Amino acid sequence: ALSMFGTTVGLYGIPWCKKSLLLTALMSVIGASMGILDTGGNVLVLNTWGAEAGPHMQALHFSFAVGAFVAPILAKMALGGSEPKDPPVAEKTNQSVPRSVPTASAASATSALKHHLGADFLWSYVVIGTYLLFVSFFFFILYSKGSSARDKSKASLHKCVLARYHYALIILLFTFFFFYVGAEVTYGSYIFTYAKVFAEMKESEAAALNSVFWGAFAACRGVAIFCAACLYPGTMILLSIVGSAASSSCLAFFARHQASLWAGTAVYGASMATIFPSGISWIEQYTVVQGKSASLFVIGAALGEMCIPAVVGYLQGRFHHVPVIMYTALVTSAMTVLLFPLMYKLANAPGESDSKEVSESEDRKALLSNSRLNEDEE
């Protein structure tokens, strides 16, 4: 509720900003609010449905994927009719460097664009902010009505036992999400440029390839809602990392062929779809996932989203003829393939509670056998 309210405040204030410092502050408020939402939403699903949270977790992240797929299309529709039709006239300077000089038609188109942005986009911010305000309001109502449910969830959390290697599992899953989300955002951000520069596609074909990646990503998350009801989270993660490893290998070595590029992009997007929600559902089977643990997962994902695309962009600028994005997809897939078996082995290690129960049962058997011997002697 608080995260939705903070996002509403930022969206209401952004269209009226005239200073860059105030705009930065409001964008920071929205970013922090969405970080709280990522953490709190996952923990809320786990606390509400417990061991049956798999399909609900997939549905939560399916809504994220749908938004990522639909939002650019809606933005293109909103901006499509307002782009300047007359491009700036390029003239040669003495150094033979093109320099754009705005003409009268370009200036009028720019002023029309500003007017359009000030009118229509103002209302789009207000409409989205109002929608989030209603969502925040309903969450506050649920919070006020759910005191008994919170007490039950706290009691159930106290009954649960931490895994033997709880902190090692949290750190490994932090690293796992770092590579996974970094690879996902990197591929989705740079595949358009790769298609134009390396595959020599047209702009419309490159945009379609980008849509194929996010469309397969969103569709597979939708299918995963039903698959999570009959498949274990570990099985879904295993299928996903095998698919991402196979598709990234195909992309790294055969991406210059357009058929391999299209097929590999679709399979890679579908393979990446279910890893994050399945990872949270999987770790919850072995240890307690509270707010601190879930926040570490989100921090690892956010760091990967921030660092890996920046490194790839820097390296691609230095090595123009090397498909850095494809090699990055292959390396990150290899890291997830190596990390998951290690996490699985640590998660299935016998915990302290299991050894205590075994020792207690052995003590009971010894006491029973001694009592029977005494009775026989008597």
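Residues numbered from 1 in each chain as written. Predicted model: local features only at pLDDT ≥ 70, side-chain atom pairs only at ≥ 80, totals over all residues. Heavy atoms only, no water.

1. Notes on the overall build of the protein
Here is step 1: Check the secondary structure of the protein and you find 13 helices and two strands.
Here is step 2: Taking all 378 residues of the protein together, the buried fraction comes to 35%.
Here is step 3: Accessible area for the protein stands at about 22,200 Å²; split by element, carbon and sulfur atoms hold 67% of it. (Helix = DSSP H or I, 4+ residues; strand = E, 2+ residues; numbered from the N terminus. Buried < 20%, exposed > 50% of the residue type's maximum accessible area, 1.4 Å probe, protein only. Areas by Shrake-Rupley, 256 points an atom, 1.4 Å probe, with all protein chains shown as cover.)

2. Topic: unusual backbone geometry
Here is step 1: In this structure, Glu 200 is a non-glycine residue whose phi angle is positive, near 55°.
Here is step 2: A residue is classified by how much of its surface remains accessible, and Glu 200, at 68% relative accessible area, is exposed.

3. Quick word on the nonpolar core
Here is step 1: Within the largest apolar cluster, 59 residues are counted, with the highest numbers of intra-cluster contacts made by Phe 176, Phe 177, Tyr 187, Leu 261 and Met 326.
Here is step 2: The element best represented in this core is helix H6 (residues 166–197), accounting for 16 residues.
Here is step 3: When residues of this core are sorted by domain, at least three fall in each of domain 1 (1–79 + 116–143) and domain 2 (162–350).
Here is step 4: Membership of the second largest hydrophobic core comes to seven residues, among which are Leu 11, Ile 14, Ile 30 and Leu 132. (Core = buried A, V, L, I, M, F, W, Y, C linked by side-chain atoms within 4.5 Å. Domains from an automatic or database assignment.)

4. Structural notes on the UniProt feature "transmembrane region" (unreviewed entry) in the protein
Here is step 1: Those residues carrying the UniProt feature "transmembrane region" (unreviewed entry) are residues 20–47, 59–79, 122–144, 165–192, 237–255, 261–282, 294–312 and 324–344 in this numbering.
Here is step 2: Counting secondary structure, residues 165–192 comes out at 96% helix and 0% strand; the distance between its end C-alpha atoms is 42 Å. (UniProt positions renumbered as here; feature names shortened; annotations may be inferred.)

5. Some words on the environment of Val 337
Here is step 1: By secondary structure assignment, the location of Val 337 is in helix H12 (residues 324–347).
Here is step 2: With 99 residues separating them in the primary sequence, Val 337 and Leu 238 have C-alpha atoms 8.5 Å apart.
Here is step 3: The contacts of Val 337, once residues within four sequence positions are left out, are Ile 241 and Ala 245. (Contact = heavy atoms within 4.5 Å.)

6. Focus on the environment of Val 185
Here is step 1: Counting through the fold element by element, Val 185 comes out in helix H6.
Here is step 2: Taking the relative accessible area as the measure of exposure, Val 185 reaches 19% and is therefore buried.
Here is step 3: Taking the C-alpha atoms as reference points, Val 185 and Pro 309, 124 residues apart in sequence, are found 7.1 Å from one another.
Here is step 4: Discounting chain neighbours no more than four positions away, the residues touching Val 185 are Glu 305 and Pro 309.

7. Observations concerning a nonpolar patch on the surface
Here is step 1: Together, Val 311, Tyr 314, Leu 315, Phe 319, Val 322 and Tyr 327 line one region of the surface with nonpolar side chains, adding up to about 540 Å² of accessible area.
Here is step 2: Considering each element in turn, the nonpolar patch owes the most residues, three residues, to helix H11 (residues 291–318).
Here is step 3: Its location among the elements puts Tyr 314 in helix H11. (Patch = residues over 30% accessible without salt bridge, like charges linked within 9 Å, V, L, I, M, F, W, Y side chains within 5 Å. Salt bridge = Lys/Arg side-chain N within 4 Å of Asp/Glu carboxyl O.)

8. As for empty space enclosed by the protein
Here is step 1: Within this structure, the stated rule accounts for two cavities of 30 Å³ or more.
Here is step 2: There is about 40 Å³ of room inside the largest cavity.
Here is step 3: What lines the largest cavity is simply Phe 179, Tyr 180, Ala 183, Ser 244, Tyr 268, Met 272, Ile 275, Thr 332, Ser 333 and Thr 336.
Here is step 4: Mapped by element, the contributors of at least two residues to the lining of the largest cavity are H6, helix H9 (258–272) and H12.
Here is step 5: Here the residues of the lining of the largest cavity are counted per class, giving six nonpolar, four polar and no charged.
Here is step 6: Looking at the second largest cavity, its volume works out to about 30 Å³. (1 Å grid on protein atoms, 1.4 Å probe; cavity = no way out; pocket = protein on both sides within 12 Å on 5 of 7 lines; lining within 4 Å. Points joined across faces, edges and corners; volume = space filled by probe spheres on them. Nonpolar A, V, L, I, M, F, W, Y, C, P; charged D, E, K, R; others polar.)

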